[in-house]
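In case you want the letters, here they are:
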Amino acid sequence: MCYKNGKDLLPETLLKELQKYVQGELIYIPKNEGRKAWGESNGTRRAIRERNLEIYNKYKEGIKPTKLSNEYSLSEDSIRKIIFKMNKENLNKVFK
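Attention here is on the structure that accompanies the text. (Residues numbered from 1 in each chain as written. Predicted model: local features only at pLDDT ≥ 70, side-chain atom pairs only at ≥ 80, totals over all residues. Heavy atoms only, no water.)

1. Some remarks on the pattern of salt bridges
Two side chains with opposite charge may pair up if their charged atoms get near one another.
Turning to step 1, where the next piece is worked out: Tallied over the full model, the rule gives five salt bridges.
Turning to step 2, where the next piece is worked out: E12 is the salt-bridge partner of K16, the closest N and O atoms lying 3.3 Å from each other. Of this pair, K16 and E12 both sit in helix α2 (residues 12-19), four residues apart, which is roughly one turn of that helix.
Turning to step 3, where the next piece is worked out: Across the pair K20 and E17 runs a salt bridge, and its minimum N-O distance is 3.1 Å. (Salt bridge = Lys/Arg side-chain N within 4 Å of Asp/Glu carboxyl O. Helix = DSSP H or I, 4+ residues; strand = E, 2+ residues; numbered from the N terminus.)

Structure follows, in structure tokens:
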């Protein structure tokens, strides 16, 4: 990435205001466009959400975390975290 000189781009008043905070260093100014959250562009976020809901529903049907752990190749700790989180989300919906 190449940099541009602030003197060439910015109004003098803005340049002086920026110099109060940073002088002689490179700074990155992000794009103004809204950025998508992790996994939204390629569908990963949705796929994981669907998997977690599936795990939670199977748990509610009586399948033990140990079996779910083997089925989904996740640790029992991860399975318990998913169940806890999904249960919490469902409770929040009920009490709103």
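From this point, the narrative continues.
2. Here's the deal with the packing of helix α3 (residues 44-60) against helix α4 (residues 65-72)
Helix-helix packing: each pair is described by the crossing angle between the helix axes and the interaxial distance.
Turning to step 1, where the next piece is worked out: Viewed as axis vectors pointing N to C, α3 and α4 meet at an angle of 150 degrees, and their least axial separation amounts to 10 Å. Judged by the angle between their axes, α3 and α4 are roughly antiparallel. In this structure, the crossing between α3 and α4 has a hand that is right-handed. Contacts between α3 and α4 pair R51, E54, I55, K58 and Y59 from the former with P65, L68, E71 and Y72 from the latter.
Turning to step 2, where the next piece is worked out: Grouping the amino acids of the contact of α3 with α4 by side-chain chemistry returns five nonpolar, no polar and four charged. (Axes fitted to C-alpha atoms, helices over the stretch in contact; angles between N-to-C directions. Parallel < 35°, antiparallel > 145°, perpendicular 65-115°, else oblique. Left-handed = near helix turned anticlockwise from the far one by under 90°. Contact = heavy atoms within 4.5 Å. Nonpolar A, V, L, I, M, F, W, Y, C, P; charged D, E, K, R; others polar.)

3. Observations concerning the side chain of S69
Turning to step 1, where the next piece is worked out: Tracing the backbone through its elements, the reader meets S69 in helix α4.
Turning to step 2, where the next piece is worked out: Looking at S69, the relative accessible area reads 11%, which means it is buried.
Turning to step 3, where the next piece is worked out: When residues no more than four places from it in sequence are discounted, the contact partners of S69 are L74, S75, E76 and I79. (Buried < 20%, exposed > 50% of the residue type's maximum accessible area, 1.4 Å probe, protein only.)

4. Some thoughts on the nonpolar core
Considering soluble globular proteins, one finds that nonpolar side chains tend to be buried as a cluster.
Turning to step 1, where the next piece is worked out: Counting eight residues, the largest nonpolar core is built from I55, Y56, L68, Y72, I79, I82, I83 and M86.
Turning to step 2, where the next piece is worked out: Those elements that place two or more of their residues in this core are α3, α4 and α5 (76-94).
Turning to step 3, where the next piece is worked out: Here this core takes four residues from α5, the largest share from any one element. (Core = buried A, V, L, I, M, F, W, Y, C linked by side-chain atoms within 4.5 Å.)

5. A closer look at a nonpolar patch on the surface
Turning to step 1, where the next piece is worked out: On the surface, L14, L18, I27 and I29 cluster together into a nonpolar patch covering about 360 Å² of accessible area.
Turning to step 2, where the next piece is worked out: For I29, a relative accessible area of 63% corresponds to the exposed category. (Patch = residues over 30% accessible without salt bridge, like charges linked within 9 Å, V, L, I, M, F, W, Y side chains within 5 Å. Areas by Shrake-Rupley, 256 points an atom, 1.4 Å probe, with all protein chains shown as cover.)

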